[in-house]
Amino acid sequence: MGDSYKLEKVGFYNIERRIGKGNFAEVRLARHRITRTEVAIKVIEKRRLDAVNLHKVYREVNIMKQLDHPHIIKLYQVMESSDMIFIVSEYASRGEIFDYIAKHGKMSESAARRKFWQILSAIEYCHNRRIVHRDLKAENLLLDSNMNIKIADFGFSNYYNPNECLSTWCGSPPYAAPEVFEGKKYVGPEIDIWSLGVVLYVLVCGALPFDGPTLHILRDRVLSGRFRIPYFMSTGCESLIRKMLVLEPQKRYTIDQIKRHSWMVEEAPRLLPSTGGDGKAEPNEQIIQLMQNLGIDSGPIRESLRYKYYDHYGAIYYLFLDY
Ligand SMILES: CC1(C)C(=O)N([C@H]2C=Cc3c(O)cccc32)c2nc(Nc3ccccc3)ncc21
């Protein structure tokens, strides 16, 4: 984006800071002048795009126009001029879940389960409309102000036909299915399922199951189908991940099978009264989640409880606990 001009107003929107930059576009935070709502605007200069990438932009917009789901970024408006395209969509204010995990570390399995249910329902919604995402990764799983999942970036998505095959190499290597590395044809949903398996591993472990210093080594590790299970992962979670990271596409779990798996349907423990005074007990995760949904960061809550600050964070926590 040339610095020669300063983009301040587009339509009814005041343009604010830049939140992301792609090779052909940049994404700006903006605010609707009438409703005062925050939105994200993808600003695309057409002349910087070749025909193939311009077609991809129109395909992404057309796919987003068909999607209306609580855990998928909502398209609001498209404005086009002779040399620009402005794609106005929902703004996920708490950014990538990738950054959240980088900052706070791996999630508890109950928190990961809640997020994974949201991701799964969004992908099931897409697959039911014959749409595959093809670029699922922690960087594309955004979080809104209530810590709810908002799936972004349908730039690689496409329509699929259960009786035909796709072959485009898509997505980010650590999340790519073995058949994609092998350049084999695929139907579509099964490569999203593989990526979902990698995503669940990342949520629960805070690391990638397959990684490596070179693409070749990464490829060999993916094709081996072997990955480490850390000591803290429950057997239920391990069992589900192993059913999604199956080399053979036809043997890989479907979304329906994932939804019925025991780990997915495990009830989160009831709000157990913590042991109070002795302070040894772990904080109650559901109260923490409740406070996060109110936009309170979990770091300071945990710190306040651990060091008995009895400050506002602790007060809210204890009030909820006794509620
Ligand atoms: C329009 C749309 C869907 C989009 O294209 N992006 C970009 C921009 C940055 C980025 C990224 O870092 C990862 C994925 C998508 C994106 C968006 N980013 C946000 N929030 C956000 C807030 C703080 C940090 C990162 C992302 N909300 C909506 C979008």
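Positions within a chain are numbered from 1, following the residues in the order the chain's sequence is written. Since the coordinates come from a predicted model, pLDDT governs what is reported: local features require at least 70, and pairs of side-chain atoms require 80 or more to be given and counted, while whole-chain, interface and lining totals use all residues. Note that the side-chain values use all heavy atoms of the structure and ignore hydrogens as well as water.

### Notes on the side chain of H127
To qualify as a helix, a DSSP run of H or I must reach at least 4 residues; to qualify as a strand, a run of E must reach at least 2; elements of each kind are numbered from the N terminus. As for its position among the elements, H127 is in helix α3 (residues 109-128). For H127, the contacting residues outside a window of four places in its chain are V132, Y160, P189, D192 and I255. Any two residues whose heavy atoms approach within 4.5 Å are treated as being in contact.

### What to know about the confidence of the model for the protein
Of all residues in the protein, 93% attain a pLDDT of 70 or more, and the chain-wide mean is 88. When the elements of the protein are averaged for pLDDT, strand β10 (residues 158-159) gives the smallest value, 75, and helix α7 (residues 235-244) the largest, 98. At the level of chain-chain contacts, confidence expressed as ipTM amounts to 0.99, with global pTM at 0.81. Per residue, pLDDT measures the predictor's confidence, with a range of 0 to 100.

### Overview of the site of the ligand
The criterion for a residue being near a molecule or strand is simple. One of its heavy atoms has to lie within 4 Å of it. In the vicinity of the ligand, 16 residues are found, and the nearest of them are S89, E90, A92, E96 and E139. Within 3.5 Å is the distance limit for a polar contact, defined as a pair of N or O atoms, with the added protein rule that one can donate a hydrogen and the other accept it, and that residues adjacent in sequence qualify only through two side-chain atoms. Between the ligand and A92, the relevant distance is 2.9 Å, taken from a nitrogen atom to a main-chain nitrogen or oxygen of the residue. E96 places a side-chain nitrogen or oxygen 2.5 Å from an oxygen atom of the ligand. Accessible surface area values rest on a Shrake-Rupley calculation with a 1.4 Å probe, where residue burial reflects the displayed protein chains alone. The fraction of the free accessible surface of the ligand (540 Å²) that becomes covered by protein chains is 82%. More than half of the atoms belonging to the ligand lie within 2 Å of the grid points that define the largest pocket. Among the secondary structure elements, those contributing two or more residues to the shell around the ligand are β2 (13-21), β4 (38-45) and β6 (84-90). The residue makeup of the shell around the ligand, split by class, is eight nonpolar, four polar and four charged. Buried and open spaces are told apart on a 1 Å grid over the protein atoms alone, a cavity being a set of points where a 1.4 Å probe fits but cannot get out and a pocket being an open set with protein on both sides within 12 Å along at least five of seven lines. Residues with an atom within 4 Å of a point are the lining residues. What decides whether a molecule sits in a cavity or pocket is whether more than half of its atoms lie within 2 Å of the grid points. Residues are grouped as follows: Ala, Val, Leu, Ile, Met, Phe, Trp, Tyr, Cys and Pro are nonpolar; Asp, Glu, Lys and Arg are charged; every other residue, Gly included, is polar.

### Focus: the layout of surface pockets
Grid points are joined across faces, edges and corners, and a volume is the space filled by probe spheres set on the points. When its volume is computed, the largest pocket comes out at roughly 1,200 Å³. Along the walls of the largest pocket sit 39 residues, with V27, K42, N140, A152 and D153 positioned nearest its centre. Elements with a contribution of two residues or more to the lining of the largest pocket: β2, β3 (25-32), β4, α1 (51-65) and β6. Ranked by residue count, the leading element in the lining of the largest pocket is α1, at five residues. Tallied by class, residues from the lining of the largest pocket come to 17 nonpolar, nine polar and 13 charged.

### As for the side chain of H69
Take H69: it is sitting in the loop between α1 and β5 (75-80). Each residue gets one of three labels from its accessible area relative to the maximum for its type: buried under 20%, exposed over 50%, partly exposed in between, using a 1.4 Å probe on protein chains only. Overall, H69 belongs to the buried group, its relative accessible area being 12%. Within the structure, the side chain of H69 is placed 2.9 Å from the backbone nitrogen of H71, a separation counted as a polar contact. If we skip the residues at most four places from it in the chain, H69 touches S121, A122 and Y125.

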